[in-house]
Amino acid sequence: MSVTLPESVDAWRMVSARRSFEGTLPIATLARLCEALSSTDGLVEYGMDFGRDSLGISYVDVRAQASLSVVCQRSLEPFALPVVVNTRLGLIKHERDEAGLPPECEPLLVPDDGRMSLADVIEDELLLALPLVPVNPESRLPDEVTSHESEEESSGEGRSENPFAVLRELKK
């Protein structure tokens, strides 16, 4: 078990050795993820386990959890979004190898030299876990947006005339 995350590893050697990595990573070091966040404070807790399954397929299990600060698209206020990742990535050398992966494995294309950045893999999985439109479940729309029309307006009184009324007259 390793506490520090190496900059890059040889994926195939990690699989053969059945290596595991655990620790924390500052969110601020994940540049692409920081672009989607309102604050880069905090840490990502991660765990990565390399291995080979009963079918001989090489994989890496990626676990990560963090509280990410994103902007609510309803209230435009930042809020902490808890994100948990638990994914098995099947390591493949060629795109055509994807068809041989079991359904529970997501493909991860490894370059010919086998070098891969573990921080990039963690960052990719966190980016995929972010919602397309983050909405704080505790947020509410402002009252001026949700206020209902008065009884007079809803019954038709006080409304402007229908712009198509002239067309109705022409049709006769």
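A quick note: this is a predicted structure, and the numbers were derived from the prediction, not measured. (Residues numbered from 1 in each chain as written. Predicted model: local features only at pLDDT ≥ 70, side-chain atom pairs only at ≥ 80, totals over all residues. Heavy atoms only, no water.)

Draft legend 1. Local environment of the overall build of the protein. Within the protein one finds 6 helices and 7 strands. Each helix and strand of the protein, placed in order from N terminus to C terminus, yields the pattern β-α-β-α-β-β-β-β-β-α-α-α-α. Counting over 172 residues, the protein shows a buried share of 35%. At a minimum sequence separation of 6, the contacts of the protein that also span at least 24 residues come to 54%. (Helix = DSSP H or I, 4+ residues; strand = E, 2+ residues; numbered from the N terminus. Buried < 20%, exposed > 50% of the residue type's maximum accessible area, 1.4 Å probe, protein only. Contact = heavy atoms within 4.5 Å.)

Draft legend 2. Spatial organisation of the nonpolar core. In this structure, Val-44, Phe-50 and Leu-126 are the most contacted members of the largest nonpolar core, which totals 36 residues. For this core, the secondary structure elements donating two or more residues are α1 (11–17), β2 (20–26), α2 (31–34), β3 (43–52), β4 (58–71), β5 (78–92) and α3 (118–129). Each residue touching Leu-126, except ones within four places of it in the same chain, is listed here: Leu-30, Leu-33, Val-44, Ala-64, Val-83 and Val-85. (Core = buried A, V, L, I, M, F, W, Y, C linked by side-chain atoms within 4.5 Å.)

Draft legend 3. Spatial organisation of the sheet that holds β2. Pairing in this open sheet of 5 strands is mixed, and the strands run β2-β3-β4-β5-β6 from one edge to the other. With partners counted over all chains shown, the strands left at the sheet margins are β2 and β6 (105–109), one partner each. Across this sheet, the average inter-strand angle for adjacent strands is 30 degrees, counted without regard to direction. The pairing of β5 with β6 spans 5 bridges and is classified as parallel. Paired with Leu-89 across the strands is Glu-106, a residue of β6. Together, β2, β3, β4, β5 and β6 form the strand contacts of α3, whose direction differs from that of β5 by roughly 120 degrees. (Pairing = 2+ DSSP bridges. Axes fitted to C-alpha atoms, helices over the stretch in contact; angles between N-to-C directions.)

Draft legend 4. Molecular detail of α3. The first and last C-alpha atoms of α3 sit 17 Å apart over 12 residues, in line with the 16 Å expected at 1.5 Å per residue. Every buried residue belonging to α3 is among Leu-118, Val-121, Ile-122, Glu-123, Glu-125 and Leu-126, and all of these are buried. (Expected span 1.5 Å × (residues − 1).)

Draft legend 5. Summary view of the confidence of the model for the protein. Per-residue confidence for the protein gives a mean pLDDT of 87, with 87% of residues at or over 70. No element of the protein has a lower mean pLDDT than helix α5 (residues 151–154), which averages 48, and none a higher one than β3, which averages 96. (pLDDT = per-residue confidence, 0-100.)

Draft legend 6. Quick peek at the pattern of salt bridges. Applying the stated criterion across every chain yields a total of 5 salt bridges. Glu-22 is the salt-bridge partner of Arg-63, the closest N and O atoms lying 3.9 Å from each other. A residue pair is termed long-range when its members are at least 10 positions apart, and Arg-63 in strand β4 and Glu-22 in strand β2 qualify at 41 residues. A salt bridge links Asp-124 to Arg-32, with the shortest nitrogen-to-oxygen separation between them at 2.8 Å. Taken together, the positions of Asp-124 in helix α3 and Arg-32 in helix α2 put the pair 92 residues apart, joining distant regions of the chain. (Salt bridge = Lys/Arg side-chain N within 4 Å of Asp/Glu carboxyl O.)

Draft legend 7. The arrangement of the side chain of Glu-125 in detail. Along the chain, Glu-125 falls in helix α3. Buried within the structure, Glu-125 lacks any salt-bridge partner; Arg-32 is the closest side chain of opposite charge, at an N-O distance of 9.6 Å. Within the local environment of Glu-125, its side chain forms a polar contact with the side chain of Thr-87, the two groups lying 3.5 Å apart. Those residues in contact with Glu-125 that sit more than four places away from it in its chain are Val-62, Val-85, Thr-87 and Leu-89. (Lys, Arg positive; Asp, Glu negative; His and termini not counted. Polar contact = N/O pair within 3.5 Å; in protein donor to acceptor, adjacent residues only side chain to side chain.)

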